[in-house]
Every structure is written in C-alpha cells, then in structure tokens.
Amino acid sequence: LFYGVHGRDLRECNSPSWFNPDEVSVVATILEKLIGKYKLDPKDIGVITPYRKQVEKLQQAMIIKNLNQVKIASVEEFQGQERKAIIISTVRSSGAYL
C-alpha cells in the first residue's frame, strides 16, 4: 500500500537533517489503525526513514501516543531485522521532486 503525503520539507537551524511534520502525523494515524483496528502488536511494526531528524520526530510522537514500542529507525539501524508490518517514511514530498 502506498500513501502519498503532500507535506512540508523542514530542517531545524541546528541540524542539516530533514523532517516532515505532516508525514509524522499520517504515520501516527496509520500506526494507531494497525494497532487498534488490525490488532497488531506494536513490537511487530517498524518505521524506516532515511533522515535522523524524522526518526526523532516520529519517536517523540509515539511517546506522546504511548506507542513507543514501535521500532522507528534509519535504514542502517534496521538492517537484518524483520517485522510483520513496515512503514517507510520518505520525508521529502515537494512536487518539485516528482
């Protein structure tokens, strides 16, 4: 399943890494459905993103929603691991890149 998010590509002044708050919100909604409606164990779900700042923003959102058992990491950190469900957060969503 592919779900396109027209969001904002942002960076904080102290970091070169990108994040997309709109995509963070969509990922959180999808995670809530996977856990609530489809009864997946949070430990069976992973979120992979190429940007460190997106990892941080997603982890913060999951702590607030008490879903911090979901594994959220970069591609390198996920190498060799498997989950029943994987969400890939690509972050950059500007129409200029399409």
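Right above here is the structure, for reference.
Residues numbered from 1 in each chain as written. Predicted model: local features only at pLDDT ≥ 70, side-chain atom pairs only at ≥ 80, totals over all residues. Heavy atoms only, no water.

Engineer: Could you give an account of the overall build of the protein chain, naming the residues involved and the relevant values?
Structural biologist: Along the protein chain, the regular secondary structure elements total three helices and five strands. At 13 Å, the protein chain has a C-alpha radius of gyration in line with the 13 Å of a compact globule built from 98 residues. Here the C-alpha coordinates of the protein chain stretch approximately 35 × 25 × 25 Å along the principal axes. Taken across its 98 residues, the protein chain has 38% of its residues classed as buried. Taking the contacts inside the protein chain whose residues are at least 6 apart along the sequence as the reference set, 69% of them involve residues at least 24 apart. Summed over its atoms, the accessible surface of the protein chain is roughly 6500 Å², and 53% of this surface lies on carbon and sulfur atoms. Taking the average location of the 14 positive side-chain charges in the protein chain and that of its 11 negative ones, the two points are 4 Å from each other. (Helix = DSSP H or I, 4+ residues; strand = E, 2+ residues; numbered from the N terminus. Rg over C-alpha atoms; globule rule 2.2 N^0.38 Å. Buried < 20%, exposed > 50% of the residue type's maximum accessible area, 1.4 Å probe, protein only. Contact = heavy atoms within 4.5 Å. Areas by Shrake-Rupley, 256 points an atom, 1.4 Å probe, with all protein chains shown as cover. Lys, Arg positive; Asp, Glu negative; His and termini not counted. Charge placed at Lys NZ, Arg CZ, Asp CG, Glu CD.)

Engineer: Can you explain helix 1 (residues 21–36)? Please cite residues and give values.
Structural biologist: The end-to-end C-alpha separation of helix 1 is 22 Å, in line with the 22 Å expected for 16 residues at 1.5 Å each. The set of residues buried in helix 1 consists of Glu23, Val24, Val27, Ala28, Leu31, Leu34 and Ile35. The buried side chains of helix 1 occupy one side of the element, clustering within an arc of 140 degrees when seen end-on. Looking at the packing, one finds that the buried side of helix 1 touches strand 3 (45–48), helix 2 (52–64) and strand 5 (85–88). Where helix 1 begins, the capping side chain belongs to Asn20, and its oxygen is found 3.1 Å from the backbone nitrogen of Asp22. (Expected span 1.5 Å × (residues − 1). Arc of directions from axis to C-beta. Polar contact = N/O pair within 3.5 Å; in protein donor to acceptor, adjacent residues only side chain to side chain.)

Engineer: Break down the nonpolar core for me, with residues and values.
Structural biologist: With 17 residues, the main nonpolar core has Leu31, Ile45, Val47, Met62, Val70 and Ile72 as its most contacted residues. Secondary structure elements with two or more residues in this core: helix 1, strand 3, helix 2 and strand 5. The greatest single-element share of this core, amounting to six residues, is contributed by helix 1. Each residue touching Ile45, except ones within four places of it in the same chain, is listed here: Leu31, Leu34, Ile35, Leu40, Val70, Lys71, Arg83 and Ala85. (Core = buried A, V, L, I, M, F, W, Y, C linked by side-chain atoms within 4.5 Å.)

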